[in-house]
Structure formats: C-alpha cells, structure tokens
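Next come the chains, spelled out residue by residue.
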Amino acid sequence: RPVWWQPFVHRLETPAGKVLVVHLINQPLEEGLTVDAQEPPKVQNLTLTLGAGQKATAAHWITPDGATVELSAKDGKLVLPELSNWAMVVIEQ
C-alpha cells in the first residue's frame, strides 16, 4: 500500500544539531474523511533509508497516542513498526 510522506518531511537546525522529522500517513481507502470511513489495513515491513552520507545519532517512532519507540539505524536504514493511520519518525543527526 502507498504511504504518503514526501510533502511531510521537515529538516530542522537546532543548537544540538540537525533533526529530520518525517510524517507517515497510511493512505485512506476512500476520498474525504467521514465519521464512518473504513480504516485502511495496517502497513507492515516499512523501511526508511537515510540519504548517502547521513547518519542517525538517535531515532524515534511516535504514534498519535504519544507512544514512543526508540529505533536503531543499521547501514543507514531504519526498520519501522507497523503503521496504522499516522506516525512520525524523528531522527537526530
């Protein structure tokens, strides 16, 4: 299933270093949002690959309920938990 992410990437410069924030949205099954909209199936086996020469000093997966999972980057790749509707990956560089 497609996952929307490209318009939702933000690079921030902080006194502590660079932070990359990526919002991931599981594409809805139907157009528009309604209270009785059918929930899309969860997306599994997602991998986020960092650009050439980029490294993560820390990375976190954050869900709408505020749950946070620490991620580890291996060979510039982050394996992400399953995506229900929306989640955010915060990568410290």
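Keep in mind that this is a model prediction, so the values were computed, not measured.

Undergrad: How should I be thinking about the side chain of H23 in this particular structure?
TA: Looking at where H23 falls in the secondary structure, it is placed in strand β3 (residues 17-26). On the basis of relative accessibility, which here comes to 19%, the residue H23 falls in the buried class. Side chain to side chain, H23 and W86 meet in a polar contact 3.3 Å long. Ignoring sequence-local partners within four residues, the contact set of H23 consists of W4, W5, F8, H10, W86, A87 and M88.

Undergrad: How should I be thinking about the layout of surface pockets in this particular structure?
TA: Vacant regions in the atomic arrangement are exposed by a probe of water-molecule size rolled over the atoms. When its volume is computed, the largest pocket comes out at roughly 260 Å³. Surrounding the largest pocket, 15 residues form its lining, W5, V22, L24, L48 and T49 being those nearest its centre. The set of elements that each furnish at least two residues to the lining of the largest pocket consists of β2 (9-14), β3 and β4 (46-49). The biggest single contributor to the lining of the largest pocket is β4, with 4 residues. In the lining of the largest pocket, the residues fall into 10 nonpolar, 4 polar and 1 charged.

Reading the values: the criteria
- Residues numbered from 1 in each chain as written.
- Predicted model: local features only at pLDDT ≥ 70, side-chain atom pairs only at ≥ 80, totals over all residues.
- Heavy atoms only, no water.
- Helix = DSSP H or I, 4+ residues; strand = E, 2+ residues; numbered from the N terminus.
- Buried < 20%, exposed > 50% of the residue type's maximum accessible area, 1.4 Å probe, protein only.
- Polar contact = N/O pair within 3.5 Å; in protein donor to acceptor, adjacent residues only side chain to side chain.
- Contact = heavy atoms within 4.5 Å.
- 1 Å grid on protein atoms, 1.4 Å probe; cavity = no way out; pocket = protein on both sides within 12 Å on 5 of 7 lines; lining within 4 Å.
- Points joined across faces, edges and corners; volume = space filled by probe spheres on them.
- Nonpolar A, V, L, I, M, F, W, Y, C, P; charged D, E, K, R; others polar.

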